Amino acid sequence: MINLHFSGEGFVPPSTNDFNLPPIFENIPWLTKPVLLVFLSVIVVSVFFVLSARKAAVVPSKLQFAGEGIYAFVRNDLARDVIGHDFMRFVPYLFTLFTFVLTNNLFGIVPFLQFPAMSHVGFPYVLALFSFFIFHYVGIRKQGLGKYLKDIAFMPGVPKAVYILLTPIEVATFFLVRPLTLSLRLFANMFAGHLLLLVFIMGGDYMVHDSHMIMKIFAPFSFTFGIVLTFFEFMVQCLQAYIFTLLTALYIAGALADEH
Amino acid sequence: MTGTLNLVGFGLSAIGPAIATGMIFAAYINGVARQPEARSVLQPIAFLGFALAEALALFGLVLAFVL
Amino acid sequence: MTRKNEADAYWSIFGYLASGLLFWGGVGYFASRFFDKPYLTLIGLLLGVTGAIYLIWLRFGRQ
């Protein structure tokens with residue numbers, strides 16, 4: 001490795017240290033802002049859907065319409081279209097996953113909260129672990145342990161000697177790369193998005209306060225771009241929640257299918 | 001500021017596969033839009049082209065860490 | 001094949017390539033450390049890519 005050294009002064013760019021927030025109370029080390037936000041998201045999701053379903057009527061109120069719209073989206077577009085036959089078993093999990101991830105992602109651009117909890121890699125790991133166990137469990141229940149593993153490890157229609165080359169790749173794909181990519185995709189998108197917003201907002205702030213006269217002219221551009229990127233982040237956050245749920249549904253569908 | 005030049009090299013080497021992937025899918029979408037029944041013929045070709053281009057990008061990523 | 005399965009296919013392709021490179025590249029890397037022959041890493045990586053592309057062809061390339 002060849003190392004590069006720059007001795008910069010002045011503007012300190014945001015780094016990974018900006019994600020290590022201190023505990024809120026001195027004597028409780030685990031209670032940091034992301035943990036608090038995760039708890040808050042659970043409360044927000046529960047309250048929203050309880051309120052929207054409580055006074056259900058034939059002519060829906062605005063709240064009921066919104067809640068039913070999200071539910072119908074997950075049930076029809078994700079579960080029914082992907083899993084097909086016998087999909088209702090998985091709707092509760094997929095729905096919980098989608099709303100939980102979406103709420104936590106959206107916290108990244110809500111004023112005053114402004115931190116996506118999923119940019120701490122531990123949360124996506126746990127979610128991916130749930131999905132991992134569910135789709136393997138479903139597959140083993142449906143086809144039996146031996147047949148399920150045989151379907152994964154041995155691609156049909158290949159000469160015997162080639163299995164030495166192919167079987168490790170398939171096993172690694174199913175048991176290592178799938179949960180890892182599932183969690184790392186969500187983590188990397190949230191992390192990079194938050195860092196991007198930090199760069200533009202902190203850069204604009206630095207230009208206004210501490211730079212020379214000429215640089216101050218460019219500060220509005222930095223803030224404007226920060227606002228534009230906030231809308232872009234909104235899109236990415238919705239998309240990542242959708243993709244996480246979609247891929248979980250696809251893996252479940254793949255485990256349920258007779259052959260892959 | 002510290003860092004490694006390997007990652008700059010990986011960034012440069014990822015330009016090629018990125019353009020390649022874009023061109024592959026541009027051609028694929030074009031073909032399917034003009035002749036939707038050709039989808040089943042074009043899809044394996046597009047996937048294999050995507051795989052080959054992606055392989056180069058991942059190769060660069062791995063070598064950036066190994067070297 | 002619907003649009004959603006197509007999205008799955010892209011990530012499957014990526015997954016196959018990544019795990020092929022990781023597994024056989026890892027084997028080659030440790031072999032090169034063990035035997036003190038640096039070219040074994042490259043051979044491992046090439047082997048992994050070959051296997052992964054073969055798998056992709058088996059799954060998506062055949063009609």
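Everything numeric here is computed off the predicted structure, so don't read it as measured data.

### A closer look at the UniProt feature "transmembrane region" (unreviewed entry) in chain B
Residues and elements named next belong to chain B. As annotated by UniProt and renumbered to match this structure, "transmembrane region" (unreviewed entry) occupies residues 12–33 and 45–66. For residues 12–33, the end-to-end C-alpha separation is 32 Å, with 100% helix and 0% strand making up the annotated structure. Along residues 45–66 one finds 100% helix and 0% strand; the C-alpha atoms at either end are 31 Å apart.

### A word on the interface of chain A and chain C
Between chain A and chain C, the residue contacts involve 26 residues of the former and 21 residues of the latter. For the pairing of chain A and chain C, the buried interface totals around 2,000 Å² over both sides, and the portion due to carbon and sulfur atoms is 74%. For the pair chain A and chain C, the number of links is zero salt bridges. Where chain A meets chain C, there are four residue pairs in polar contact (both at pLDDT 80 or more). It is helix α6 (residues 163–210) of chain A that contributes the most residues to the side of chain A that touches chain C, twelve residues altogether. Across the side of chain A that touches chain C, the residue classes break down as 19 nonpolar, three polar and four charged.

### Re the side chain of Glu54(B)
Along the chain, Glu54(B) falls in helix α2 (residues 39–66). One buried charge, Glu54(B), has no salt-bridge partner; the nearest side chain with opposite charge is Arg185(A), at 10 Å. Apart from residues no more than four positions distant in its own chain, Glu54(B) is found in contact with Phe14(C) and Leu17(C).

### A word on the confidence of the model for chain B
Here chain B averages 89 in pLDDT, and 99% of its residues register 70 or above. The secondary structure element of chain B with the lowest average pLDDT is strand β1 (residues 2–4) of chain B, at 78, and the one with the highest is helix α1 (residues 5–34) of chain B, at 92.

Thresholds, definitions, all that
- Residues numbered from 1 in each chain as written.
- Chains lettered and ligands numbered in written order.
- Predicted model: local features only at pLDDT ≥ 70, side-chain atom pairs only at ≥ 80, totals over all residues.
- Heavy atoms only, no water.
- UniProt positions renumbered as here; feature names shortened; annotations may be inferred.
- Helix = DSSP H or I, 4+ residues; strand = E, 2+ residues; numbered from the N terminus.
- Contact = heavy atoms within 4.5 Å.
- Buried area = accessible area lost by both parts, 1.4 Å probe.
- Salt bridge = Lys/Arg side-chain N within 4 Å of Asp/Glu carboxyl O.
- Polar contact = N/O pair within 3.5 Å; in protein donor to acceptor, adjacent residues only side chain to side chain.
- Nonpolar A, V, L, I, M, F, W, Y, C, P; charged D, E, K, R; others polar.
- Buried < 20%, exposed > 50% of the residue type's maximum accessible area, 1.4 Å probe, protein only.
- Lys, Arg positive; Asp, Glu negative; His and termini not counted.
- pLDDT = per-residue confidence, 0-100.

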